[in-house]
2 protein chains.
Amino acid sequence: MSSCPHGSLRIVGLGPGPLDWLTPEAETILAEASDLIGYKPYLDRITPKPGQTLHASDNRVEIERARLALQLAAEGKSVAVVSGGDPGIFAMAAAVFEAIEQGEPTWADLDIHVAPGVSAMQAAAAKVGAPLGHDFCAISLSDNLKPWSLVERRLKAACEGDFVIALYNPASKARPEAIYKAFTLLRTHKPAQTPIVFARAVGRPDERIIITTLAEAEPGCADMSTLVLIGSSTTRLIARTQTQPFVYTPRGMGVTS
Amino acid sequence: MSSCPHGSLRIVGLGPGPLDWLTPEAETILAEASDLIGYKPYLDRITPKPGQTLHASDNRVEIERARLALQLAAEGKSVAVVSGGDPGIFAMAAAVFEAIEQGEPTWADLDIHVAPGVSAMQAAAAKVGAPLGHDFCAISLSDNLKPWSLVERRLKAACEGDFVIALYNPASKARPEAIYKAFTLLRTHKPAQTPIVFARAVGRPDERIIITTLAEAEPGCADMSTLVLIGSSTTRLIARTQTQPFVYTPRGMGVTS
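Residues numbered from 1 in each chain as written. Chains lettered and ligands numbered in written order. Predicted model: local features only at pLDDT ≥ 70, side-chain atom pairs only at ≥ 80, totals over all residues. Heavy atoms only, no water.

Per an unreviewed UniProt entry, chain A goes by Precorrin-3B C17-methyltransferase and derives from Beijerinckia indica subsp. indica. Quoted verbatim from the Pathway (unreviewed entry) field of UniProt, the annotation for chain A is "Cofactor biosynthesis; adenosylcobalamin biosynthesis." (UniProt positions renumbered as here; feature names shortened; annotations may be inferred.)

Here's what the structure looks like:
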């Protein structure tokens, strides 16, 4: 395979919902690409420019999608791989580097650039206040490449460290029971009154926010479009008279000047 | 204090560096505010519109800054509180909610909205590849409201969970020794060959990226503008012939189709 020095690969995220969260860098990449590659629902959110080729693919074929993108870039195309959210957080960037590692030796020297973006946990946090205002961790429940024992180990460690926890992909098709198992574990390690947020489709027309407690949470509320936030021991609510409370985590131990 | 229904408070981040990472939502907020409040170096990055009032303040007076913002919003002003990065991640959003909790009872019912943004760990990750491609946690070393014992507890838990770790504020003035103590702890819990990234001022003219190992890392490389990334057991490098390697963390256990 010949490598053309003018080919490029950009890995870009659309943000969690509205294009109002798309950075100018990402917008430029989308506008200048010759070829756009992504899971079909993401490409459907883009209005292609004249002359652009769209390569829509199914879900769960990330490595094949990444290989196609690398092949096109090696042929001299200006390729944009499109995910949701931030491409570097539980999205396409890692899949592209896996494909590079397993693929043609020349692929690592292609002109490759990842554009950071807004991830789902950030949109969810902003919507309800500032639950990620202090130390936190992010765990994906969906990955069928990861044994459940590792998910359990990480959930336990996250409780031991008293982190705020952001759960991604809580109800994937491959592992629909994961969120129930996660909540069973969390309930043995965290207080019943720990604040919980189910943030579904934040910023989109079908947005739904549920603020509850670990004791009262119904794990089945989480579908594939939901980001789940679990508070630390200092995460708290601020009541409002007209609407749902704010949820936030103080910057320190809650002791402020 | 009388509350005017037309006042509003928006909490916005500029992203880690160039305005190329500022979302359209954040740009609109900055353009429409009557009053912009923030740490002076952040306000210096904004070109104010005619009629806008800028309230620049020193560092480490977050609560006073938040109170001023709330007072102005209660008086009917359209206030934008400006931080770097994502305001919800180790930035001003949590301070504003602390000030609401401690302040006038009417403040919780003001029109308050947090705009999500790109945080430093995301810019750093994108710059080097996809180190945050799998489960990770974010820990601030700077907060002088947090006892060191809690930092240690969280670092140990992060190692136990084999998370990728993003360290914010590794060398604050209040705690310059923190990064040395953190590395001493990490070296007893993680393999010597664990990839380490010191990502300084990503996207800015004085950007500097160091990719090394836990054994060889010099903690003093981290200054107040540095984000430190510490790999998990699966984080790895991909060599390139002309430049620094990529750093990435596979989506699962490194076993891919």
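A. A look at the sheet that holds strand β9 (residues 195-200) of chain B. On the basis of which strands lie adjacent, the open sheet formed by 10 strands has the order β10(A)-β9(A)-β11(A)-β8(A)-β7(A)-β7(B)-β8(B)-β11(B)-β9(B)-β10(B) and mixed pairing. For this open sheet the edge positions go to β10 (208-213) of chain A together with β10 (208-213) of chain B, each flanked by a neighbour on one side alone. Strand-to-strand, the axes of this sheet are offset by a mean angle of 15 degrees, without reference to chain direction. In this structure, strand β9 (residues 195-200) of chain A lies alongside β10 of chain A, joined through 6 bridges in antiparallel fashion. Looking at the pairing, Val197 of chain A lines up with Ile211 of chain A of β10 of chain A. With respect to the sheet, helix α5 (residues 120-128) of chain A is in contact with β7 (136-140), β8 (164-168), β9, β10 and β11 (226-230) of chain A together with β7 (136-140) of chain B, its orientation differing from that of β11 of chain A by roughly 65 degrees. (Pairing = 2+ DSSP bridges. Helix = DSSP H or I, 4+ residues; strand = E, 2+ residues; numbered from the N terminus. Axes fitted to C-alpha atoms, helices over the stretch in contact; angles between N-to-C directions. Contact = heavy atoms within 4.5 Å.)

B. Structural context of the environment of Ala56 of chain A. Residues and elements named next belong to chain A. Counting through the fold element by element, Ala56 comes out in strand β3 (residues 53-57). Overall, Ala56 belongs to the partly exposed group, its relative accessible area being 47%. Put simply, Ala56 and Lys40 are 16 residues apart on the chain and 4.7 Å apart in space, counted from C-alpha to C-alpha. With sequence-adjacent residues up to four places away left out, Ala56 is seen in contact with Gly38, Lys40 and Leu43. (Buried < 20%, exposed > 50% of the residue type's maximum accessible area, 1.4 Å probe, protein only.)

C. Structural context of the relation of the copies chain A and chain B. Overlay of chain A on chain B (RMSD 0.0 Å): rotation 180 degrees, translation along the axis 0.0 Å. Both copies are brought into coincidence by an operation consistent with a two-fold rotation axis. The rotation axis passes nearest to the C-alpha of Cys137 of chain A in chain A, at a distance of 1.9 Å. Both copies contact each other with a shared surface, as 100% of the interface residues of chain A are interface residues in chain B too. (Least-squares fit on C-alpha atoms with pLDDT ≥ 70 in both.)

D. How the structure looks around the domain arrangement of chain A. Residues and elements named next belong to chain A. One can read the domain layout of chain A as domain 1 (8-114) and domain 2 (120-248). Measuring from the centre of the C-alpha atoms in domain 1 to the corresponding centre in domain 2 gives 28 Å. With 8 residues of domain 1 at the contact, the number on the domain 2 side is 13 residues. Carbon and sulfur atoms make up 63% of the surface buried where domain 1 meets domain 2, a total of about 850 Å² over both sides. When the buried area of domain 1 at its contact with domain 2 is split by residue, Pro16, Arg60 and Phe90 rank highest and sum to 58% of it. Along the contact surface separating domain 1 from domain 2 lie 0 salt bridges. If you look at where domain 1 meets domain 2, you find 1 residue pair in polar contact (both at pLDDT 80 or more). A class-by-class count of the residues in the side of domain 1 that touches domain 2 yields 5 nonpolar, 2 polar and 1 charged. (Domains from an automatic or database assignment. Buried area = accessible area lost by both parts, 1.4 Å probe. Salt bridge = Lys/Arg side-chain N within 4 Å of Asp/Glu carboxyl O. Polar contact = N/O pair within 3.5 Å; in protein donor to acceptor, adjacent residues only side chain to side chain. Nonpolar A, V, L, I, M, F, W, Y, C, P; charged D, E, K, R; others polar.)

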